[in-house]
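# Descriptive structure summary
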Amino acid sequence: MATVKRDYYEVLGVERNASGDELKKAYRRLAMEFHPDRNQGDKAAEDRFKEVGEAYSVLSDPQKRQRYDSFGHAGDSMPDFGGFSFDSAFDLFDMFFGGGGGGGRRRGGPQPGADLRMNVDITFEESVFGAGRTIEVPRKGMCAECSGSGAAPGSQAVQCPDCGGTGQVRRAVQSIFGQMVNVSACPRCHGEGRTVAQPCPTCHGQGRVDERQTLDITIPAGVDEDVTLRYGGQGEAGPRGGTRGDLYVGFRIAPHPHLVRRGQDLLYELPVSVPQAVLGDRITVPTVSSEHQIELPPGTQHGRVVKIAGMGVPHVRSGRRGDQLCIVHVAVPTHLNAGQRHLYEQLGEREGKPAEVKKGFFDSIRGAFR
Ligand SMILES: [Zn+2]
Ligand SMILES: [Zn+2]
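Residues numbered from 1 in each chain as written. Chains lettered and ligands numbered in written order. Predicted model: local features only at pLDDT ≥ 70, side-chain atom pairs only at ≥ 80, totals over all residues. Heavy atoms only, no water.

## Comments concerning the pairing of strand β14 (residues 305-308)
Here is the key point about a regular strand: its side chains alternate between the two faces of the sheet. Formally: A simple rule labels every residue: compare its accessible area, found with a 1.4 Å probe on the protein chains alone, to the largest value its type can have, and call it buried under 20%, exposed over 50%, or partly exposed in between. Runs of H or I in DSSP of at least four residues are treated as helices and runs of E of at least two as strands, each being numbered from the N terminus. When DSSP finds two or more bridges between a pair of strands, those strands are recorded as paired.
Alternating positions in β14 separate cleanly, Val306 and Ile308 being buried on one face and Val305 and Lys307 remaining unburied on the opposite face. Both β14 and strand β15 (residues 324-331) contribute to a ladder of four bridges, which runs antiparallel. Bridging from a neighbouring strand, Val306 pairs with Cys326 of β15.

Okay, structure coming up:
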């Protein structure tokens, strides 16, 4: 039976004066809805997928659209219209969604497995010094029972009789312009080229089962939350012998109770009392590995930065360590007992007005946050 082609505007469900953006939107929605990967074996959806692709390929091209508006489908038979096959529909889809947008669709042969992404929780110290860790990856693994073939033990996956192992079927269809050949993914083997007569009872013919794989990983010293490690071939197994995807590991770093990371440096707010700031003191401060004694000179100003060289975070590649920057915070007392109050009053009487703020005060603070 000859099929009459539907109007392209009707196919996309848009008005005849639809803008390029409206066409795009309509195509995006419909192509996703009818993509064969989402409608395994559904012949009607396959046809709709191709129809939508064809309509969009014509209407999104101003010249072709103009010709279609003037001549309708009769314009199709003009020289550079070309035949629009299932392959064209897939190519258009891949182009529209940017290559792998369809989830790495391939025609012929088993589909590859999906990539996985995991976030691993680590301590602040582990992010600075690195560590080894054993993680558990929940994923689809190859079915051991059938070695991933999907065929029951004793039976074998055989070449698909419908497509002869190519994963594609070519169908001659009659249209009002004569005979056309459609190439589409073989509905029997879903484009894999092989079929399983007796499905493996363990994996129901899928060739893969849920597994929890343990994996030893190395947390690199100096790692930050924007670092992602790639473990090739540690993602999900593909169905029926498809290659494994990759595993991507990122890190969630627990905050430190006293230290904040800024690039390769660690910032520490150093609380100092007024007498300590005035008279100077030897103060023990926490570092990422232990403690460190610093010498606070007499007359230390609020906001001054005391550097502990080489006690920061190593660069993840070069290994060069940053510094720990201790930013002096002079804690002015808010509650005084009578004795303290008396002492401050005496001080006030003798000292009078404060000295002028030292030049470079703002520079010193800015330096701490570079
Ligand atoms: Zn087939
Ligand atoms: Zn199996």
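## Overview of a nonpolar patch on the surface
The criterion, for reference: Residues form patches when they are more than 30% accessible in relative terms and have no salt bridge. Like charges link within 9 Å. Nonpolar side chains (Val, Leu, Ile, Met, Phe, Trp, Tyr) link within 5 Å. All accessible areas in this document rest on Shrake-Rupley with a 1.4 Å probe, and a residue is counted as covered only by the protein chains that are shown. For this document, the term salt bridge refers to a Lys or Arg side-chain nitrogen within 4 Å of an Asp or Glu carboxyl oxygen.
Residues Leu336, Tyr344 and Leu347 make up a contiguous nonpolar surface patch of about 250 Å² in total accessible area. Considering the arrangement of structural elements, one finds Leu347 in helix α8 (residues 338-351).

## What about unusual backbone geometry?
Keep in mind that most residues, glycine aside, have a negative phi and that most peptide bonds are trans. Of note in this structure, His190 is not a glycine but carries a positive phi near 55°. With respect to the helices and strands, His190 occurs in the loop between β5 (178-185) and β6 (194-196). Its relative accessible area of 34% is what places His190 among the partly exposed residues. Of note, the phi angle at Arg240 is positive, near 45°, even though the residue is not glycine.

## Quick notes on the sheet that holds strand β11 (residues 265-273)
Strand pairs in the sheet, formed through backbone hydrogen bonds, run parallel or antiparallel to each other. Put simply, the test is: Axes, fitted as lines to C-alpha atoms, cover a helix only where it is in contact. Angles between the N-to-C directions of the axes lie from 0 to 180 degrees.
Reading across the sheet, the four strands line up as β10-β11-β15-β14 and stay open at both edges, with mixed pairing between neighbours. If you trace the sheet from one side to the other, it starts and ends with β10 (259-262) and β14, each paired once. Each strand of the sheet is rotated relative to its neighbour by a mean of 30°, with strand direction disregarded. Across four bridges, β10 lies against β11 in antiparallel orientation. Looking at β11, one finds that Arg261 is bridged to Leu266.

## Focus on the coordination of the zinc ion (ligand 2)
Tetrahedral coordination by four donors puts the ideal angle at the metal at 109.5 degrees, and octahedral coordination by six puts it at 90 or 180 degrees. The condition is simple: Only nitrogen, oxygen and sulfur atoms qualify as donors, and only when within 2.8 Å of the metal (3.2 Å in the case of Na, K and Ca); with water excluded, sites may look incomplete. Think of it this way: with four donors and all angles in the 85 to 135 degree range, the site is tetrahedral; with four or six donors, opposite ones beyond 155 degrees and the rest between 65 and 115, it is square planar or octahedral; otherwise it is irregular.
Note on the zinc ion (ligand 2): its protein donors are Cys143 (SG), Cys146 (SG), Cys200 (SG) and Cys203 (SG). The metal-donor distances range over 2.3 Å. With four donor atoms in place around the zinc ion (ligand 2) and angles of 104 to 115° between them, the coordination shape is tetrahedral. Read from N- to C-terminus, the donor residues coordinating the zinc ion (ligand 2) fall into the pattern C-x2-C-x53-C-x2-C. Of the two residues, Cys146 is situated in the loop between β2 (131-142) and β3 (157-159) and Cys200 in the loop between β6 and β7 (208-219); the sequence distance between them amounts to 54 residues. By relative accessible area, Cys200 is classed as buried at 1%.

## Examining the environment of Ala254
So the rule is basically this: Throughout, a residue-residue contact means that at least one pair of heavy atoms, one from each residue, lies within 4.5 Å.
By the element assignment, Ala254 lies in the loop between β9 (247-253) and β10. Between the alpha carbons of Ala254 and Asp121 there is a distance of 7.3 Å; along the sequence they are 133 residues apart. Among all residues touching Ala254, those that are not within four sequence positions of it are Ile122, Thr123 and Phe124.

## What to know about the coordination of the zinc ion (ligand 1)
Around the zinc ion (ligand 1), the protein contributes the donor atoms Cys160 (SG), Cys163 (SG), Cys186 (SG) and Cys189 (SG), at 2.2 to 2.3 Å from the metal centre. In this structure, the zinc ion (ligand 1) is coordinated by four donor atoms arranged in tetrahedral fashion, with angles at the metal of 102 to 118°. Mapped onto the polypeptide sequence, the residues donating to the zinc ion (ligand 1) form the spacing pattern C-x2-C-x22-C-x2-C. Of this pair, Cys163 sits in the loop between β3 and β4 (168-175) while Cys189 sits in the loop between β5 and β6, and the two are 26 residues apart along the sequence. Owing to a relative accessible area of 3%, Cys189 belongs among the buried residues under this scheme.

## Concerning the packing of aromatic side chains
Rule in force here: Any Phe, Tyr or Trp ring, taking Trp's six-membered ring, that has another such ring centre within 6.5 Å forms a pair; planes under 30 degrees apart are called stacked, those over 60 apart edge-to-face, and the others tilted.
Taken as a whole, this structure holds three aromatic pairs when the rule is applied. Taking the centre distance of 6.2 Å and the plane angle of 40° together, the rings of Tyr9 and Tyr68 count as tilted. Highlighted residues: Tyr9 in helix α1 (residues 8-12) and Tyr68 in helix α4 (residues 62-71), separated in sequence by 59 residues. Per residue, the accessibility class of Tyr9 equals that of Tyr68, and both read buried. Aromatic pair Tyr27 and Tyr56: ring centres 4.5 Å apart, planes at 15°, arrangement stacked. Separated by 29 residues along the polypeptide, Tyr27 in helix α2 (residues 20-34) and Tyr56 in helix α3 (residues 43-59) bring together distant segments of the chain. Across this residue pair, the class does not change: Tyr27 and Tyr56 are buried. Three or more aromatic residues link up through ring pairs in this structure, and these residues are Tyr8, Tyr9 and Tyr68.

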